[in-house]
Amino acid sequence: MKKIFYYLLLLVFLGGAIVSFWIYQRYLKVEIPKLLTFTVVVGDIQEVVKVRGEVVAQKDFNLEFPFVGIVERIFVQEGQMVSQNDPLVKLETTDFELEIRKLNSVIIQSQANLDKLITGPTQEDIRVFETKVENAKASLEDAQKNLIDKLQDAYTRADDAVRGKADQLFSSPGSANPKLNSVFVENQNSIEWERSLTESALKTLAGLLGGISIKDDLASTTIAVEKNLSQVKFFLDKIALIVNAVAPNYNVSQTTIDKWRTDISTARININNAISDLSTAKEKLKTAESSLALAKDELALKRSGTRTEDIKIVEAKISEIKNQIEIIEENIDKSTLYAPVNAKIINIGVERRELSRPGQTTITLATSNHKIQADISELEITKIHEKDGNSVVVRFDAVPARTFSGKVISVDAKEIIKEGDKYYRTNIYVDEHGIEIRSGMNADLVIFSSLRKNVLKIPELAISKKDEGEFVTVLEDGKQKEVKVETGISDGESVEIIKGLTLGQTITVSSD
C-alpha cells in the first residue's frame, strides 16, 4: 500500500514539474533578442531616385525658363539642327550679377562686424553702426521712390502704348463700345472686347498711382499694377497679330500699314521694358529692406555687448546671405537653355528683348528617339539636376531581361497635384537601343544623383528615427549604447554618417 502511495506522490510531483516548466516557457521566460552587428566602414555612396515612368508618343521637347526674365540672345533658328549641350536661348543676368556683388559686399562687411563683435564694441563702433542704419533707411527710401517712379512710368508707357499708338486703329476707343477699323475683318469682336478691358485697366492704373507715396502699401500696389499691365500687354499682342496680317487695299495703303506696324511694335517694346524695369525696381527694394534689417540687427548686437548667442546670430545671417548667393548663381546657370540631346529646332516661342515667363514654352525641339515621363515627389526632386543631366538606368516591363541607359533632360516648372501631394514631371531621354519601344510602355527607372566618395557609412536599417533626431545602437565593451547621429545621402541600402560615429565602431540591430 505504501508503494502505491509513493508512486502516486511521484506522479504528482512529476506532473507539477512538467506544468511548471510549461508555464515558465510559455509565460515567464524572457527571450534574449538576437542581434545583427555591422561595422562602420568607409566607402562610396551613390544617391538614387527610384520611380516608375511611361513612354509617351510625343517626341517633342518643350523647354522653358523657371523664372521671369528678358530674352537677351537667341543662338539658333527654326529648322536648325543642334547638338547636345549647344546653347539655345539666354536671359539677361545683369541684375543677378549686380545682386551677387551687393550681397558679397554685405558679407564682407558683416564678417568685419563679426570680428569686431568678438573683440567687443566701442562707442565709435556704435556710432558707425548708427550711421549705417541711417544710411540704410535712406537707401530704402530711395528704393521706394524709385519703385514709385517705375510704377508711374509704367502707367505713362501703357497709356501712350494704348491711347497714343493702338487707338489709331479704333473709333471711339475710350468708350464702352470701341469699334475696330473696318480694314480688319478677323477677330473684331474679340479685339474690341479686349480694348474695353484695357480701358478699365488704364483707369485702374490711374486710380492706383494717383497721389501714391512711400507711406502706401507698395507691395500690394505693385501686384495690382503688374496685373493690369499684363492686360495691356495681352491687348497689344493681339493687335500686333492683326496688324501684321493686314494687306493693302483701296481703303488702306502700304505706307499706313507700315506706320501701324512700327507704332504697335514700339508700343510692345515699351510695355515689355516697363515690366522689366518694374521687376528690377522690386528687387532693389527687397535688397534695401534686407540691408536695413541687417544693419538694425548689427546695431542691436553692438549695443548689447558680446555674447555667444549674438555671434551665432551674425554667423547665421552670413550663412543665409551665402545661401541667397548660391540661389542667384543657380538662377544664372538656369538663365541659358541648352539642347538636352541632338535635335532639330521646331519652334522658337520668344523674341529678343521679350519677357519670358514660367509656363511659357520658350523653344521646342524634335528628336527621333523616345522620351519617358516620370512624376517625382517634391521630397526627392531636389536630387534631380537638369543642367548636369542625371544618368538613368531604365528597365522596361516589356523587356525585363535588358537594361537601357538614358539621362534626365528637363523638369517641368509647374507642379502636379496627386492625392494632395506635389510632384514634378521629369523627362528622360533614352539612348539608342536598337529595339522598338512603343507608346504607353511602363518602365522602372533608377536615377543617379549625388556621389560621395570615401565617407563613413552603415546600413540604413540601423537608423532609428525619433522626434529628437536619428539614433543608432553602438556596442562597446559588450554593452549597448544609443548614440545620436547626423546622416547624409542614402542609396537605399547604406546611409552616409556625417557626425556621431567613427570608423570601425560596431553597430547592433535587433533581428526581430
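First, a word on scope: everything that follows refers to the structure included in this document.

The rules behind the values
- Residues numbered from 1 in each chain as written.
- Predicted model: local features only at pLDDT ≥ 70, side-chain atom pairs only at ≥ 80, totals over all residues.
- Heavy atoms only, no water.
- Helix = DSSP H or I, 4+ residues; strand = E, 2+ residues; numbered from the N terminus.
- Buried < 20%, exposed > 50% of the residue type's maximum accessible area, 1.4 Å probe, protein only.
- Contact = heavy atoms within 4.5 Å.
- Phe/Tyr/Trp six-rings, centres within 6.5 Å; stacked < 30°, edge-to-face > 60°.
- Salt bridge = Lys/Arg side-chain N within 4 Å of Asp/Glu carboxyl O.

## Examining the overall build of the protein chain
So, step 1. A count of helices and strands for the protein chain gives 7 helices and 22 strands.
So, step 2. Of all 512 residues assigned to the protein chain, the portion counted as buried reaches 38%.
So, step 3. When contacts within the protein chain are restricted to residue pairs at least 6 apart in sequence, those whose partners lie at least 24 apart make up 75%.

## As for the packing of aromatic side chains
So, step 1. Using the criterion set out here, one finds 3 aromatic pairs in the structure.
So, step 2. Note on Phe-170 and Phe-235: the rings are 6.1 Å apart at their centroids and 35° apart in plane angle, and the pair reads as tilted. Taken together, the residues span a long stretch of sequence, with Phe-170 in strand 7 (residues 170-171) and Phe-235 in helix 5 (residues 218-245) at a distance of 65 residues.
So, step 3. The exposure class assigned to Phe-170 is buried, which follows from its relative accessible area of 10%.
So, step 4. A residue is classified by how much of its surface remains accessible, and Phe-235, at 0% relative accessible area, is buried.
So, step 5. Plain terms: the ring middles of Phe-396 and Phe-404 are 5.1 Å apart, the flat faces sit at 70° to each other, and that makes the pair edge-to-face.

## Focus: the pattern of salt bridges
So, step 1. Applying the stated criterion to the full structure yields 28 salt bridges.
So, step 2. Between Lys-282 and Glu-226 there is a salt bridge, and its shortest N-O distance comes to 3.0 Å. Of this pair, Lys-282 sits in helix 6 (residues 254-304) while Glu-226 sits in helix 5; the two residues are 56 residues apart in sequence, bridging distant segments of the chain.
So, step 3. For Lys-282, a relative accessible area of 26% corresponds to the partly exposed category.
So, step 4. Given a relative accessible area of 27%, Glu-226 falls into the partly exposed group.
So, step 5. Between Lys-383 and Glu-380 there is a salt bridge, with its nearest N and O atoms 3.5 Å apart.
So, step 6. In this structure Lys-383 comes out as buried when scored by relative accessible area, which is 19%.
So, step 7. Judged by relative accessible area, which is 25%, Glu-380 ranks as partly exposed.
So, step 8. Through salt bridges that share partners, Asp-159, Arg-163, Asp-167, Arg-195 and Glu-199 make up one connected network.

So far we have only geometry, and geometry alone does not tell us how the molecule works.
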